[in-house]
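Results of the structural survey
The residues making up each chain are set out below.
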Amino acid sequence: MYQFYRKYCFNCGNYFISISKEKEKMLALLIFFISKSLISADNPAPFSCITCASKELQKAWHLTSFPRMMEEDSFTLQCSDKQVATVESCSTLCVAMVMNKPSLDGKEETLYVRGCLDRLYGAGEIDKSYASKCQEGRVSHFDSQNKRIRSKALVYFCDSDRCNAGSYEDLKGFCKKQDTKLIDCYECADGDKCDRGHSCSGEFCLKTVTRINEVAQTIRTCSSINPLAPVKEFGNDKAICAHIEMENHMWTRLAKPNIRIASDHCYCQDNYCNSANFLTLSGMTIITFILLLGSTCVML
């Protein structure tokens, strides 16, 4: 019996490797499966993220820094519950954010946001290497008398089914202590003296300008968390901004909403980058709840 061979040269100099027809088929199948694996790596299968937000955030969404607001039916009193069943498909990263918001009577409310970054950012390329990264620590708030109040907050990013479930204590277990570089930031609110004698240290500096109708307030402080950190522009520039707009209705004889809130949040990662002059968002078109990441955030 004679077996016929085809001859191929695989860029191997003066050597030729002879392969039988059966082995040729096996080689073709091997190449097919390798190619399929490479395509799957570039386009991973979607997974499910738990999707909800604490009911209290429906009228205070600007506290989250996420530029897109959730749908009305996603706000619930059960977002802290491990058994929350609402999920959405996601191909980037799930997120769980927990923060303690000071209330008017001095007590703290624990507030949750869970969802997919595709939905919460609305635009921009996401750095998937943030999967399993967790930021946890103190953040600062200012009350109506410009008194600083410190509270704890956490943000956790992940990339598997329902990975963003759990309470604050559950999620805190993912936050391993790291030797992070702390930077110095201005810490002041409108009406305060704002110089390097009024400062704090944190992983990020934060500057927010919030307008309620025509009244604006600027706050500069430090933060242990940055919900916008996975956006690739932040990795490149160490600065990123989100613009958030929303409307609320306070009961009056008017039928239409009469409270308009617009808030600019800028995070940066250099000493005193949240300086006194107003932030500028060059080239930004204002679209409600949408962050246009092609814009440049400059803090003068």
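Up top is the structure these notes are about.
The structure contained in this document is the topic of the report that follows. (Residues numbered from 1 in each chain as written. Predicted model: local features only at pLDDT ≥ 70, side-chain atom pairs only at ≥ 80, totals over all residues. Heavy atoms only, no water.)

1. Focus: the layout of surface pockets
Any empty space left between atoms is shown by rolling a water-sized probe over those atoms. What the second largest pocket holds in volume is close to 630 Å³. Around the second largest pocket sit 27 residues that line it, and C134, Q135, E136, T180 and E203 are the ones nearest its centre. Taken together, the elements giving at least two residues each to the lining of the second largest pocket come down to β9 (134–142), β10 (148–158), β13 (199–202), β15 (215–223) and α4 (232–237). For the lining of the second largest pocket, the element with the most residues is β9, which contributes 4 residues. Here the lining of the second largest pocket is built from residues that sort into 9 nonpolar, 9 polar and 9 charged. (1 Å grid on protein atoms, 1.4 Å probe; cavity = no way out; pocket = protein on both sides within 12 Å on 5 of 7 lines; lining within 4 Å. Points joined across faces, edges and corners; volume = space filled by probe spheres on them. Helix = DSSP H or I, 4+ residues; strand = E, 2+ residues; numbered from the N terminus. Nonpolar A, V, L, I, M, F, W, Y, C, P; charged D, E, K, R; others polar.)

2. Here's the deal with the side chain of N226
Mapped onto the secondary structure, N226 falls in the loop between β15 and α4. We classify N226 as buried; its relative accessible area is 0%. (Buried < 20%, exposed > 50% of the residue type's maximum accessible area, 1.4 Å probe, protein only.)

3. What about the state of the cysteines?
Per the stated rule, a full pass over the model turns up 9 disulfides. Put simply, C134 and C175 are joined by a disulfide, and their sulfur atoms are 1.6 Å apart. Within this pair, whereas C134 is found in strand β9, its partner C175 is found in the loop between α3 (168–172) and β11 (183–186), the two being separated by 41 residues in sequence. For the pair formed by C134 and C175, the shared burial category is buried. (Disulfide = S-S within 2.5 Å.)

4. Structural notes on the pairing of β15
The pairing of strand β12 (residues 188–189) with β15 spans 2 bridges and is antiparallel. Note that in β15 the partner of A189 across the bridge is I219. Pairing geometry for strand β14 (residues 204–212) and β15, over 9 bridges, is antiparallel. Within β15, the position partnered with I212 by the bridge is V215. Hairpin geometry of β14 and β15 is characterised by an intervening segment of 2 residues between the two adjacent antiparallel strands and by a positive phi of about 55° at N213. (Pairing = 2+ DSSP bridges.)

5. Quick look at the nonpolar core
Judged by nonpolar contacts, the single largest core of 37 residues is most densely connected at W61, F66, V113 and L117. Breaking this core down by element, the ones donating at least two residues are β7 (94–102), β8 (108–116), α2 (117–121), β10, β14, β16 (239–248) and β17 (259–268). Here this core takes 4 residues from β16, the largest share from any one element. Setting aside residues up to four positions removed in sequence, F66 forms contacts with W61, V95, M97, V113, L117, L120, Y121, P227 and I244. Residues F47, C116, L171 and C175 belong to the second largest nonpolar core, which totals 20 residues. (Core = buried A, V, L, I, M, F, W, Y, C linked by side-chain atoms within 4.5 Å. Contact = heavy atoms within 4.5 Å.)

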